[in-house]
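Coordinates in review
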Amino acid sequence: PVTAPTTSTVTDFEVVSDGLLTGHADGTLVHWSASTLTPTMILPGGTPLLDITIDGSRTLATTVDQLGTVTVRSVADGATVTTDERYAVGEATGVAIAPDDDQISLAASTGRVTLLDADLGSPEVFAASDGPARIGSVAYDPGTEALATGLEERRSELAFDDSVTMWDTAGASATFRVGGESE
């Protein structure tokens, strides 16, 4: 077997145009070539990554790190395309790219979701919970481009609201919710 240029545990991975991209607990990103099985470190470790997603062409990776920085970078060499530092430490928790690559959604620990264009500009923010709550994940439905948000909120010592809500992003309105306290 081929070993990665880091001993840090793999925490996330994405299939890319010519192989695999692995994210590691220490913040390292490694691009694995499918043809040569060669690992190339495209981002050295340092700041832990909270989420990674790939665009439709499978050539750009968008990451969210523990410091709240959102970065779009080339999968081939790790070159930064654009960066957004509007979030506080621990605030940004997840990222998703719309199937047509025209929108990037960011989940936040504040209960809000930010919709950005592909260049991380033109922000539209909407509340994805009734109050401050951790939105831990976001994902797009590839068929309808509706946005799903995953709520991770502690209600009491033993109770959690772990609901998933589908949203129409054009009007930022909830279309349905599953799980949580209503289940």
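Higher on the page you've got the structure.
Now for a look at the structure at hand. (Residues numbered from 1 in each chain as written. Predicted model: local features only at pLDDT ≥ 70, side-chain atom pairs only at ≥ 80, totals over all residues. Heavy atoms only, no water.)

Considerations on the overall build of the protein
Going by this rule: A helix here means a DSSP run of H or I that spans at least four residues, while a strand means a run of E at least two residues long, and both kinds are numbered starting from the N terminus. Atoms considered for the radius of gyration are the C-alpha atoms alone. The globule rule reads 2.2 Å times the number of residues to the power 0.38. With a 1.4 Å probe rolled over the protein chains alone, any residue whose accessible area is under 20% of its type maximum counts as buried; one over 50% counts as exposed, and the rest are partly exposed. Residue contacts are defined here by distance: any two heavy atoms, one from each residue, within 4.5 Å place the two residues in contact. Computed with the Shrake-Rupley method and a 1.4 Å probe, the accessible areas treat only the protein chains shown as cover for residues. Residues counted as positive are Lys and Arg, residues counted as negative are Asp and Glu, and His and the chain ends are not counted. Taken as the charge location is NZ of Lys, CZ of Arg, CG of Asp or CD of Glu.
What the protein contains, in helices and strands, is 0 helices and 17 strands. Relative to the 2.2 N^0.38 estimate, which gives 16 Å for 183 residues, the radius of gyration of the protein is 17 Å and therefore close to what a compact globule would have. Here the protein holds 183 residues, and the buried ones make up 45% of them. For the protein, long-range pairs separated by at least 24 residues make up 31% of all intrachain contacts whose partners lie at least 6 apart in sequence. Put simply, the protein shows about 9100 Å² of open surface, and 52% of that area lies on carbon and sulfur atoms. The distance from the centre of the 8 positive side-chain charges to the centre of the 28 negative ones in the protein is 6 Å.

Things to note about the pairing of strand 9 (residues 92–97)
The condition is simple: Here the rule is simple: two strands pair whenever DSSP picks up at least two bridges between them.
For strand 9, a buried count of 6 out of 6 residues is recorded, marking the element as mostly surrounded by other parts of the structure. In the sheet, strand 9 pairs with strand 10 (residues 103–108) via 5 bridges, with the strands oriented antiparallel. When the sheet's bridge partners are listed, Gly94 is paired in strand 10 with Ala107. In sequence, strand 9 turns back onto strand 10 through a hairpin of 5 residues, with Asp101 there showing a positive phi of about 65 degrees.

A few points about a nonpolar patch on the surface
Here is the rule: Patch criteria: residues need more than 30% relative accessible area and no salt bridge. Like-charged residues are merged within 9 Å; nonpolar side chains of Val, Leu, Ile, Met, Phe, Trp and Tyr are merged within 5 Å. What makes a salt bridge here is a side-chain nitrogen of Lys or Arg within 4 Å of a carboxyl oxygen of Asp or Glu, nothing more.
A contiguous nonpolar patch, built from Val164, Phe176 and Val178 and spanning about 250 Å² of accessible area, is present on the exposed surface. Take Val164: it is sitting in strand 16 (residues 164–168). The exposure class of Val164 is partly exposed, given its relative accessible area of 34%.

With respect to the packing of aromatic side chains
Filter applied, for reference: In this analysis, rings of Phe, Tyr and Trp, with Trp reduced to its six-membered ring, are considered paired at centre separations within 6.5 Å, and the interplanar angle assigns stacked below 30 degrees, edge-to-face beyond 60, and tilted for intermediate values.
For the structure on display, the rule yields 1 aromatic pair. Ring geometry for Phe126 versus Trp167: centroids 4.9 Å apart, planes at 55 degrees, classification tilted. Note that Phe126 is positioned in strand 12 (residues 124–127) and Trp167 in strand 16, a separation of 41 residues in sequence.

As for the pairing of strand 2 (residues 19–24)
Most of strand 2 sits out of view: 5 of its 6 residues are buried. Two successive antiparallel strands, strand 1 (residues 10–16) and strand 2, enclose a turn made up of 2 residues. Taken together, the 5 bridges between strand 2 and strand 3 (residues 29–33) define a ladder with antiparallel strand orientation. Counted as the bridge partner of Leu20 is Trp32 from strand 3. The turn joining strand 2 and strand 3, which pair antiparallel and follow one another in sequence, is formed by 4 residues; a positive phi near 95 degrees is taken by Gly27.

Some thoughts on the environment of Ala127
Within the fold, Ala127 resides in strand 12. For Ala127, a relative accessible area of 37% gives the class partly exposed. Linking Ala127 and Ser109, residues 18 residues apart in sequence, is a C-alpha distance of 11 Å. Not counting residues within four places of it along the chain, the set of residues in contact with Ala127 comprises Gly111, Arg112 and Trp167.

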